[in-house]
Every structure is written in C-alpha cells, then in structure tokens.
Amino acid sequence: MQSYAVVVDPLGTGQEYPAAFGEAGVEVVAVMSLPEPIKLYAASWHPENFRHIHMFDGDLPALARTLRGYDPICLIPGSETGVELADALVELVVPGTGHVPELAAARRDKWAMARAARSAGIPRLQQICSDDPAEIDAWLRETGLRERRLVLKPPKSAATDNVHIVAPGQDWRPFFDQIYGQVNEFAIRNDAVLVQEFAEGTEYLIDSYSVDGRHGLVDVCRYTKVQRGDRIGIYDLVDFIEPDHAETLAAWPYVRQVLDAVGILNGCAHTEVILTADGPRLLEVGARPAGGGHQMISKLATGDNHILRTVAHRVRGEFRDSYELIQHVCSVVITAPHAGTWRNQEIFADVESLDTFWMKNFYYGTGDLVPAPAGLSSMLGWVVLATPDKAAMDADYRRIKELERRIQVDPVQLATTP
C-alpha cells in the first residue's frame, strides 16, 4: 500500500522532499498555499514531480478532508510561505504530529516570537512592533534607546528583506516609511514595523530537528555579514563549527529554550541568534528547513541535513541528538559594490583551480544589470569550499574576497525628465 507525506509549498529547499521521501518509498502530495508561487520561489516549483497537487482556496475543512483521504504519515511545510497553512492543517489531518497549536503565530511572526520568549523568561532584545510612529517614538524615549543603534525590519518576512540599521541619533522614520505598507518578498503587506535594539556580536544559525519535544542539533553555522550604508545583514561568509565548539556550547542551551517557548515539537527549525557580551539573544526562528542552498552544504559538512532528518523521523521513527563535523565547509557569498552593469564577471572564471573549491554558482554575468547589496536575494553568486584543512579553506576564502574587491560595476544611469 502506498504511503504518503503531505508537503505544504514544496518550494525552495522544500523541492528536495519528493526525491528524499521517494527513496524511502513514500510519495509526496503537494499543497500550494497560493495560486502561484511568490517570485522568490517561482523557479523552484516543479509540478512535474507530483502526481497529486491541491490548491488551497480558503476552505480549510474541505482541504483537510481531502488530505485525510491519503492517510499521510505527516504534514509539513516545505518553505516559509507554507508554515502557517501547515500549522493550520496538521491537527485536522494528522493530529499530534505537529507543534503546539496555540503558539502558531510565534513560529512565523517575529513580534509574536519575542513575546513568547518574554513569557518564557528568556533573555531577549528590547523591541516593539507598531504601525504608529508616535507609539514607537514614545517607546524609544522610555527605554533610552533613541540615541543608540536600532534595527528596523518587517515582522513577517525573511532572508534579510528590508532590514535596516539606524545610527545613534539618526532619524528612523524614513526607514519606517520604506517598510510600512509595502508588500514584502513573501507577498505579505507590512502592516507594522519591528524596531529593536542593535545586537553587537557574531550571528549564528542553529539548525535543529525535534521529535516529540526532544530537540536534536543538526548543524551550527557562523554568519559573517557586512554593512553597506544603512543595509545590514549582507552575507559575506557562512562556515560550519563543531558541536563541541565553545560558541555552540554557549548557543545551543539557549536555543533549546527558544524552541520550547515557540512550541516546536516535531520537525525542522532554524534559529538565528547573536552571541553578545551578555549572552545569546534571539533574532528569529524558522519552523521549516533552512533555505538558500543550505541543505547541500550541511550534508557536505556533516553528512546529514534537515531533509534527511525529516525522512529518518517520519518514515523510520529515528532521532539524533547531535551531529559530527566531517570536514570544514564554507559558502563564500559574492555581492556587488552597488547596483549597475557588471563588466568583469570573468575574474571568477578560475576559482575552480583553488585547492579547496567544491562548487560555484553565479546568477549574473558580464553585461547584466545587477542589484545593490541588500540580502540573500541580491547576491551575485557563491562559491563553496570544502576540505579537512581549515587553514587552506581560509586562504582560499581570502583569495575569493580579493577577486570580489576587483568587481567593476558601472552605476545605473537614471533617466532625467527635461
């Protein structure tokens, strides 16, 4: 008898589920939360990989009845856009196999996450979410944050979409206006703006997989990011660290508290934290597999990843509490100095000759109009390095960054009206 797994929005990283479940003899049923994938995920939608596709038309009970007919072993989100619908469906289709229903908002909305952390007594950043500039201004006065660095961002977006840093004493209102009311990269109108104190320290991605409330560590990545003007969170380097590394030991106990606070029970999560001088501080939690090619490099570094953990749990009932770093791996992110026409993509033609080279991917070439550096969606490309020799990997990273500094981009010439 055929076994089924339901994946809501099998897009982005979620496109890997059909093959992974298929190898275990389980067929994936696709549920689409929107009539068409958002632009960010459009290229990753492969309807040819599914015999059964169901579109959500707003009738949740009817969709749940249809999905129960498959008697699925699980119902999970494949991408960020599927998180909320998966949370709404799972108790109607496969009761008891998802997360804490009452905390669903805290697994998608950054302000709800912050309130859940506060309710659990977890150390956190000072922040407010509001659609009223006057309320934000009063809060800044009360907290004494007006003369300190701030971060403004949408409460329900991801991938560093419209994240801005405000210098001490700088007027934050123009950034509020840039965010509020706009439709973000996830096709959601920003009905409020999240304002938080700036966290000084290194950022980490902690990937986890949970089974019945037990949280297993999948991998830990250190994010090196740079700032360009008012934009922060511009990726420069992602590298993996060991499970017994001092930074892992500092972050993982804190992250387990966060996972409990937002109600993670069964499935993938990736949690971003800053290790500050005062200890770890939460940035956000994603209740789905990490994206942006992360599953590939996670497997390269550890032999495992979110997708494989999901199949191991849902099909075979397995749980792993940690991981092994089998080699050093990093992803070097390439960005332009500013928007314009790229003139010399060929400077990266020989990166394959680097001793630790593994893979490269460039989204733009010579003559293409390239975006200003902003977030993951604005990168020019990336180069993956892998080796048992960390010193060799670090040396090749520096060589790639030397090439990046040689990028030539002709600024965009804006047309003027006579």
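Structure first, text after, so check above.
Figured I'd write up the structure that's included with this text. (Residues numbered from 1 in each chain as written. Predicted model: local features only at pLDDT ≥ 70, side-chain atom pairs only at ≥ 80, totals over all residues. Heavy atoms only, no water.)

### Quick notes on the overall build of the chain
So, point 1. When you go through the chain residue by residue, the secondary structure sums to 10 helices and 19 strands.
So, point 2. When the backbone C-alpha atoms are referred to their principal axes, the chain occupies close to 65 × 55 × 55 Å.
So, point 3. Taking all 418 residues of the chain together, the buried fraction comes to 56%.
So, point 4. By sequence separation, contacts in the chain at least 24 residues apart represent 66% of the contacts at least 6 residues apart.
So, point 5. Summing over all exposed atoms, the chain offers an accessible surface of approximately 18000 Å²; the carbon and sulfur share of this is 50%.
So, point 6. When the 39 positive and 57 negative side-chain charges of the chain are each reduced to one mean point, those points stand 2 Å apart. (Helix = DSSP H or I, 4+ residues; strand = E, 2+ residues; numbered from the N terminus. Buried < 20%, exposed > 50% of the residue type's maximum accessible area, 1.4 Å probe, protein only. Contact = heavy atoms within 4.5 Å. Areas by Shrake-Rupley, 256 points an atom, 1.4 Å probe, with all protein chains shown as cover. Lys, Arg positive; Asp, Glu negative; His and termini not counted. Charge placed at Lys NZ, Arg CZ, Asp CG, Glu CD.)

### A few points about unusual backbone geometry
So, point 1. For Asp 9, which is not glycine, the phi torsion reads 55° and is therefore positive.
So, point 2. By the element assignment, Asp 9 lies in the loop between strand S1 (3–8) and helix H1 (17–23).
So, point 3. With a phi angle near 50°, Asp 212 is a residue other than glycine that sits in the positive phi range.
So, point 4. Classification of Asp 212 as exposed rests on a relative accessible area of 62%.

### Observations concerning the pairing of strand S6 (residues 150–153)
So, point 1. The alternating pattern of S6 places Leu 150 and Leu 152 on one face and Val 151 and Lys 153 on the opposite face, and all of these are buried.
So, point 2. Pairing analysis gives three bridges linking S6 to strand S7 (residues 164–166), with the strands arranged antiparallel. Paired with Val 151 across the two strands is Ile 165, which belongs to S7.
So, point 3. As judged from the four bridges shared by S6 and strand S8 (residues 193–197), these two strands associate in the antiparallel manner. Directly across from Val 151, in S8, lies its bridge partner Gln 196. (Pairing = 2+ DSSP bridges.)

### So, the sheet that holds strand S3 (residues 53–55)
So, point 1. Taken in spatial order, the four strands of this open sheet run S3-S2-S1-S4, and their pairing is parallel. What marks the edges here is a single partner per strand, and that holds for S3 and strand S4 (74–77). Geometrically, the sheet is characterised by an average inter-axis angle of 25° between neighbouring strands, direction not taken into account.
So, point 2. Here S1 runs beside strand S2 (residues 26–32); their pairing, made up of six bridges, is parallel. Bridge pairing in S2 places Val 7 opposite Ala 30. (Axes fitted to C-alpha atoms, helices over the stretch in contact; angles between N-to-C directions.)

### Some words on the packing of aromatic side chains
So, point 1. As enumerated under the stated definition, the model contains 10 aromatic pairs in all.
So, point 2. With 6.3 Å between their ring centres and 70° between their planes, Trp 342 and Phe 348 make a pair best called edge-to-face.
So, point 3. Judged by its relative accessible area of 0%, Trp 342 is buried.
So, point 4. Judged by relative accessible area, which is 0%, Phe 348 ranks as buried.
So, point 5. Geometrically, the ring pair formed by Trp 342 and Phe 362 is tilted, given 6.3 Å between the ring centres and 45° between the ring planes. (Phe/Tyr/Trp six-rings, centres within 6.5 Å; stacked < 30°, edge-to-face > 60°.)

### With respect to the nonpolar core
So, point 1. Counting residues in hydrophobic clusters, the biggest one holds 28 residues, and the most contacted among them are Tyr 204, Ile 206, Val 220, Leu 259, Val 273 and Val 285.
So, point 2. Within the residue set of this core, elements represented by two or more residues are helix H4 (110–119), strand S9 (202–211), strand S10 (214–228), helix H7 (246–261), strand S12 (267–276) and strand S13 (279–286).
So, point 3. When residues of this core are assigned to their parent elements, the largest contribution, seven residues, is made by H7.
So, point 4. What Tyr 204 contacts, discounting residues up to four positions off in sequence, is Val 220, Cys 221, Arg 222, Ile 241, Glu 247, Thr 271, Glu 272, Val 273 and Leu 275.
So, point 5. Ala 30, Phe 50, Tyr 209 and Cys 268 belong to the second largest nonpolar core, which has 23 residues in total. (Core = buried A, V, L, I, M, F, W, Y, C linked by side-chain atoms within 4.5 Å.)

### Section: the side chain of Glu 80
So, point 1. You can see Glu 80 is positioned in the loop between S4 and helix H3 (83–93).
So, point 2. Within the local environment of Glu 80, its side chain forms a polar contact with the side chain of Arg 108, the two groups lying 3.1 Å apart.
So, point 3. Glu 80 has contacts with Tyr 41, Arg 108, Phe 186 and Arg 288, leaving out every residue within four places of it along the chain. (Polar contact = N/O pair within 3.5 Å; in protein donor to acceptor, adjacent residues only side chain to side chain.)

### Considerations on the sheet that holds strand S17 (residues 369–370)
So, point 1. Across the sheet, which stays open at both edges, the three strands sit in the order S17-S15-S19 with antiparallel pairing between neighbours. Looking at the sheet topology across the chains shown, the edges are occupied by S17 and strand S19 (409–411).

### Examining the pairing of S12
So, point 1. Judged by how many residues are buried, S12 sits mostly within the fold: 10 of 10 residues are covered.
So, point 2. Pairing geometry for S9 and S12, over nine bridges, is antiparallel. Note on S12: the bridge partner recorded for Asp 207 is His 270.
So, point 3. Summarising the sheet, S12 and S13 pair through seven bridges and their orientation is antiparallel. For Val 273, the partnering residue across the bridge sits in S13 and is Leu 282.
So, point 4. Joining the antiparallel neighbours S12 and S13 is a turn of two residues.

### Section: the environment of Tyr 363
So, point 1. By the secondary structure assignment, Tyr 363 is in the loop between strand S16 (357–362) and S17.
So, point 2. Given the relative accessible area of 47%, Tyr 363 is considered partly exposed.
So, point 3. In the structure, Tyr 363 is positioned 187 residues away from Phe 176 in sequence and 30 Å away in space, judged by C-alpha atoms.
So, point 4. Once residues within four sequence positions are removed from consideration, Tyr 363 is found in contact with Met 379, Leu 380, Gly 381 and Trp 382.
So, point 5. Here Trp 382 takes part through its side chain, which lies 2.9 Å from a polar atom of the side chain of Tyr 363.

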